[in-house]
Amino acid sequence: MSGYTDDLSGHVSASVQSGGTRRADAQRNRERILQAARDLVRGPGELKLNAVAKACGIGQGTLYRHFPTREDLLAEVYRHEVEDLVAAAPRLLATHRPLEALAAWFDRVAAYARVKRDVFAAVEAATWRDLAAHSLGPIGEAVEQLLAAGRSAGTVRADAEARDVIVLISWLSRLDDAELDARGPRLLSILVDGLRAEHP
């Protein structure tokens, strides 16, 4: 029997309640899968679906119901990384001076670059073009927000543009794990220094 609301009692039938529980469980499983994948993709080596399933304590069948292919999972991980990177800009500006917020944001860029590189290697060209088209705009807006705050405060050079920063940080996704770990922080520090306004 399908679920219904009893007009006199206001109670919902058991089948509707169980359906809601199943949906909530499915959503929790999806979130656990994504979190495990995000943790694993930041580490060394290629992301393996069986490692994701093991990390979040679910069966492979459950994982495949949510993400039929590795490409599907990596694409969703990438979308979440972009969302987090974009959302970090205003949060950092609320608690740091503009140039410090930019430097802290660059720390997050290194983790994003690792994910971007792995996703680029795994997904089809058409999927990558679609992901890139939907991420560059929001990331550019986040960079511009950070730069504008720095320009207003007089700590970021007046001619710095968001596109300049995006071009300069794009190389991060071309480095392997060892070089990203070894050089990434220093190179991003050099970039921050290059964006710093000169004072006479």
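Below: a short report on this structure.

**Considerations on the nonpolar core**
Soluble globular proteins tend to bury their nonpolar side chains together. By size, the foremost hydrophobic cluster in this structure holds 52 residues, and its most contacted members are L73, W105 and F106. Those elements that provide at least two residues to this core are α1 (14–41), α2 (49–56), α4 (70–95), α5 (98–122), α6 (125–153), α7 (162–169) and α8 (177–195). The biggest single contributor to this core is α5, with 11 residues. Setting aside chain neighbours within four positions, we find F106 in contact with V165, I169, L188, L191, V192 and L195.

**Considerations on empty space enclosed by the protein**
Scanning all chains against the criterion turns up 1 cavity of 30 Å³ or more. Size it by volume and the largest cavity reaches roughly 120 Å³. Looking at the largest cavity, the residues that line it are L85, V109, Y112, A113, K116, L136, I139, I166, I169, S170, L172 and S173. Looking at the lining of the largest cavity, the elements with two or more residues in it are α5, α6 and α7. Among the elements that line the lining of the largest cavity, the one with the most residues is α5, at 4 residues. A class-by-class count of the residues in the lining of the largest cavity yields 9 nonpolar, 2 polar and 1 charged.

**Examining the side chain of E76**
Turning to its location among the elements, E76 is positioned in helix α4. When sequence neighbours within four positions are dropped, the list of residues in contact with E76 reads R30, L34 and F67.

**A short note on the environment of R163**
Here R163 lies in helix α7. Separated by 24 residues in sequence, R163 and I139 have C-alpha atoms that sit 10.0 Å apart.

**Notes on the packing of α5 against α8**
For the pair α5 and α8, the least separation of the axes is 10 Å and the interaxial angle reads 150 degrees. As judged from the angle between their axes, α5 and α8 are roughly antiparallel. The crossing of α5 and α8 is right-handed. Of α8, the residues touching α5 (which contributes L99, L102, A103, F106, A110, R114 and R117) are D177, L180, D181, L188, L191, V192 and L195.

**Some remarks on α4**
When the terminal C-alpha atoms of α4 are compared, their 37 Å separation across 26 residues agrees well with the 38 Å that a helix rising 1.5 Å per residue should span. Maximal helix bending in α4 amounts to about 30 degrees, located at A88; proline P90 follows within four positions. L73, L74, A75, E76, V77, Y78, E81, V82, L85, A88, A89 and L92 are the residues of α4 that are buried.

Conventions and cut-offs
- Residues numbered from 1 in each chain as written.
- Predicted model: local features only at pLDDT ≥ 70, side-chain atom pairs only at ≥ 80, totals over all residues.
- Heavy atoms only, no water.
- Core = buried A, V, L, I, M, F, W, Y, C linked by side-chain atoms within 4.5 Å.
- Buried < 20%, exposed > 50% of the residue type's maximum accessible area, 1.4 Å probe, protein only.
- Helix = DSSP H or I, 4+ residues; strand = E, 2+ residues; numbered from the N terminus.
- Contact = heavy atoms within 4.5 Å.
- 1 Å grid on protein atoms, 1.4 Å probe; cavity = no way out; pocket = protein on both sides within 12 Å on 5 of 7 lines; lining within 4 Å.
- Points joined across faces, edges and corners; volume = space filled by probe spheres on them.
- Nonpolar A, V, L, I, M, F, W, Y, C, P; charged D, E, K, R; others polar.
- Axes fitted to C-alpha atoms, helices over the stretch in contact; angles between N-to-C directions.
- Parallel < 35°, antiparallel > 145°, perpendicular 65-115°, else oblique.
- Left-handed = near helix turned anticlockwise from the far one by under 90°.
- Expected span 1.5 Å × (residues − 1).
- Bend = angle between axes of the 7 residues up to and from the residue.

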